Amino acid sequence: MTREKLAELLNLSPYFLGQIERGERKMSVSTLINISECLHISIDYLFFEQAHINTNNNVLHSLINKCSEKEVNIIESLIKLLLPHLAR
């Protein structure tokens, strides 16, 4: 996505968005939330580069909630094994 397209979606000027990217300007919390929602990534990822599932209707989340602690641990181990082999 281009800076211009993101700025348009956020109702910001491309110049202002560029200043935020370069750390020349600060943004409001509401702008941070809008960026997170627009890009479909968590605020944690924006700060720490650690993605968390960021949806209100998440099938995976609902399935995991039905699992026992032992099953969740097995699923976590499987995901850790698979991640290095997935195309990023």
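Shown above is the structure to which this text applies.
One structure accompanies this document, and this report is about it. (Residues numbered from 1 in each chain as written. Predicted model: local features only at pLDDT ≥ 70, side-chain atom pairs only at ≥ 80, totals over all residues. Heavy atoms only, no water.)

## Observations concerning helix H1 (residues 3-10)
Stated formally: We call a residue buried when its accessible area falls under 20% of the maximum for its residue type, exposed when it is over 50%, and partly exposed in between, using a 1.4 Å probe and counting protein chains only. Strands are runs of DSSP state E lasting at least two residues, helices are runs of H or I lasting at least four, and both sets are numbered from the N terminus onward. By definition, the arc is the one covered by directions from the helix axis to the C-beta atoms. Residues count as neighbours in contact if any of their non-hydrogen atoms are within 4.5 Å of one another.
Residues of H1 that are buried: Leu6, Ala7 and Leu10. One side of H1 holds all its buried residues, which, seen down the axis, span an arc of 100°. Taken together, the buried residues of H1 touch helix H2 (14-21) and helix H3 (29-39). Directly beyond the C-terminal end of H1, a positive phi value near 60° is found at Asn11.

## Topic: the packing of H1 against H3
When two helices pack together, their arrangement is given by the angle between the helix axes and by the axis-to-axis distance. Note the following rule: Between N-to-C directions, angles span 0 to 180 degrees; the directions come from axes that are lines fitted to C-alpha atoms, helices contributing only their stretch in contact. Each crossing gets its handedness from the near helix: less than a right angle anticlockwise from the far helix is left-handed, clockwise is right-handed. We call Asp, Glu, Lys and Arg charged. Ala, Val, Leu, Ile, Met, Phe, Trp, Tyr, Cys and Pro are nonpolar, and the rest, Gly among them, are polar.
One can describe the packing of H1 onto H3 by two numbers: an axis separation of 10 Å at closest approach and a directional angle of 115°. The hand of the H1/H3 crossing is right-handed. On H3, the residues touching Leu6, Leu9 and Leu10 of H1 are Asn34, Ile35, Cys38 and Leu39. Along the lines of polarity and charge, the residues of the contact of H1 with H3 split into six nonpolar, one polar and no charged.

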